[in-house]
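Descriptive analysis of the structure
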Amino acid sequence: MVSDNALLHIEKIREDFPILHQKINGQPLVYLDNAASTQKPRLVLDAITDYYQTINSNIHRGVHLLSQKATDAYELSREKVRAHLNAEKAHEIIFTRGVTESINLVASSLGKGLIKKGDEILISALEHHSNIVPWQFLCAQSGAILKVIPMNEKGELLLEAYRSLLSDKTKFVAINHVSNALGTVNPVKEMIAQAHDVGAWVLIDGAQSVPHMPVDVQALDADFYTFSAHKIYGPTGIGALYGKEHLLELLPPYQGGGEMISTVTFEESTYAGLPHKFEAGTPNIEAGVVLGTAIDYVHALGLENIAAYEQELLRYAHQKMSAFEGMEFYGTAQHKASVISFNLKGIHPYDVGVILDKLGIAVRTGHHCAQPIMDFYNIPGTIRASFAFYNTKEEVEILLKGLAKARAMLS
Ligand code: PMP
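Quick caveat: nothing in here was measured; it's all calculated off a predicted structure.

The subject of this paragraph is the overall build of the chain. Along the chain, the regular secondary structure elements total 14 helices and 17 strands. Counting every position in the chain, which comprises 411 residues, the buried fraction comes to 54%. Residue pairs at least 24 apart in sequence account for 71% of intrachain contacts in the chain once pairs closer than 6 positions are excluded. Summing over all exposed atoms, the chain offers an accessible surface of approximately 17,000 Å²; the carbon and sulfur share of this is 54%.

What follows is the structure, encoded as structure tokens:
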């Protein structure tokens, strides 16, 4: 029996996700690893088959009908991403493999002459490795300096320190909207405005925000914003990078190849306009098309409803888990998304994860691709339960029972 919510009919929603109705190690699956990747509704699964059964062909270059249909479907999906982020123009949406590729694209293009020795790039103490390493590459290549906005024990960025790091040397700021490891929601609108005051451009890593809350890139005034489809109930291998038109025009191409050119001779090539300039080669067409279907699905539920329900679930889980003996939370920011990172006193997170798995409960254990955060707390890792709208209060209870079992076996 599943508790319903005033906004969403959770029991009915769960019917949309075939994978949730299986047993893992003989127990009903409790999937609490949504920050790593979300499950896919039947609508999305059907759209994948439908694409291959009806319109599969290469896009943008065929005169035949299938190619035109596949192109139209792919471009319709771009329009859905535009609307989802409230970008002004569809060609400000670049399809990439996901957040990792988007950040590599921006960092690598900036490295072709736009960032110079002595320029400063700011990231934060809360970043995923994919928003650290590409900037280290860029600094190594250009002589720019990487600086880090610090955080407090609660996992909140220190905004005073941020303001004092900003100067006319700051050329770029790259921060996440929501931390995958701790769930902190960062005040990105305010931080973007402050970066703009010193003339810096800002990229927001929206991997953990776009699936859980409405995002409006124009209201935020973000220069770049990126997300991955697999975290918003869509396929893997596709994501999007939003960039303001005039900035995308300024950036040199990322990869060379077919699709991204206007003319090619052996002496020189000229490049296609946006968005194709950044989309070399045959893309993941099916995933691009189906990303649009995933966006339709979350819109039918309503992003506001999803956010409200997940907040309710987060409060419930936090309250119940607070009463659990030996519970140590990491990340207790005032504004949080539906991620709870924790350890059981004196027990290695990995050992807890293995026992929970035997009970059918999927959580993440480890550093969550955010090793500097673990170093900050001086721990090897955490156990992370991350919730989606198909999770229930009953599943929180099952998690607690599993934790009690793990504690009894391991302490
Ligand atoms: N940033 C954040 C905050 C993330 O949570 C993730 C995925 N865990 C990424 C970046 C990387 O996303 P992807 O692996 O889909 O490129």
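Moving on, we get to the domain arrangement of the chain. Reports often express the size of an interface as the amount of accessible area lost when the parts come together. Here the chain is partitioned into domain 1 (6-41 + 302-406) and domain 2 (46-299). One C-alpha centre belongs to domain 1, the other to domain 2; they are set 27 Å apart. Listed by partner, the interface residues are 42 residues for domain 1 and 35 residues for domain 2. Roughly 3,000 Å² is buried in total at the junction of domain 1 and domain 2, and carbon and sulfur atoms are behind 58% of that figure. Linking domain 1 with domain 2 are zero salt bridges, by the criterion used here. Here domain 1 and domain 2 share 25 residue pairs in polar contact (both at pLDDT 80 or more) between them. Residue assignment for the side of domain 1 that touches domain 2 shows that the elements contributing at least two residues are helix 11 (303-322), strand 14 (339-344) and helix 13 (371-377). The biggest single contributor to the side of domain 1 that touches domain 2 is helix 13, with six residues. Among the residues making up the side of domain 1 that touches domain 2, the classes are represented as 23 nonpolar, 13 polar and six charged.

Before going further, it helps to examine the sheet that holds strand 16 (residues 364-366). Here four strands make up an open sheet; going across it, the order is 13-14-17-16 and the pairing antiparallel. Only two strands of the sheet have a single partner each, and these edge strands are strand 13 (327-330) and strand 16. If you compare each strand with its neighbour and ignore which way they point, the axes differ by 35° on average. Of the strand pairs in this sheet, strand 14 and strand 17 (residues 382-386) are connected by four bridges, and their pairing is antiparallel. Within strand 17, the position partnered with Phe342 by the bridge is Ile383.

This brings us to helix 2 (residues 42-54). Compared with an ideal rise of 1.5 Å per residue, which puts 13 residues at 18 Å, helix 2 spans 18 Å between its outermost C-alpha atoms and is within 8% of the ideal. Buried within helix 2 we find Val44, Ala47 and Tyr51. Seen end-on, helix 2 carries its buried residues on one side only, within an arc spanning 50°.

Glancing now at the packing of aromatic side chains. According to the stated counting rule, one finds 14 aromatic pairs in the structure shown. Judged by centre distance (6.0 Å) and plane angle (80°), the rings of Tyr233 and Tyr390 are edge-to-face. Here Tyr390 lies in the loop between strand 17 and helix 14 (393-410) and Tyr233 lies in the loop between strand 9 (224-228) and strand 10 (239-243), a separation of 157 residues in the sequence. The same class applies to Tyr233 and to Tyr390, which are both buried. Ring geometry for Phe389 and Tyr390: centres 5.6 Å apart, planes at 75°, overall edge-to-face. Each member of the pair, Phe389 as well as Tyr390, carries the same accessibility label: buried. Clustering of aromatic rings is evident, with ring pairs tying together Phe17, Tyr233, Tyr297, Phe389 and Tyr390. Looking at Arg407, its charged tip hangs above the ring of Phe324, at a distance of 4.2 Å from the centre.

How each quantity is defined
Residues numbered from 1 in each chain as written. Predicted model: local features only at pLDDT ≥ 70, side-chain atom pairs only at ≥ 80, totals over all residues. Heavy atoms only, no water. Helix = DSSP H or I, 4+ residues; strand = E, 2+ residues; numbered from the N terminus. Buried < 20%, exposed > 50% of the residue type's maximum accessible area, 1.4 Å probe, protein only. Contact = heavy atoms within 4.5 Å. Areas by Shrake-Rupley, 256 points an atom, 1.4 Å probe, with all protein chains shown as cover. Domains from an automatic or database assignment. Buried area = accessible area lost by both parts, 1.4 Å probe. Salt bridge = Lys/Arg side-chain N within 4 Å of Asp/Glu carboxyl O. Polar contact = N/O pair within 3.5 Å; in protein donor to acceptor, adjacent residues only side chain to side chain. Nonpolar A, V, L, I, M, F, W, Y, C, P; charged D, E, K, R; others polar. Pairing = 2+ DSSP bridges. Axes fitted to C-alpha atoms, helices over the stretch in contact; angles between N-to-C directions. Expected span 1.5 Å × (residues − 1). Arc of directions from axis to C-beta. Phe/Tyr/Trp six-rings, centres within 6.5 Å; stacked < 30°, edge-to-face > 60°. Lys NZ or Arg CZ within 6 Å of the ring centre and 35° of its normal.

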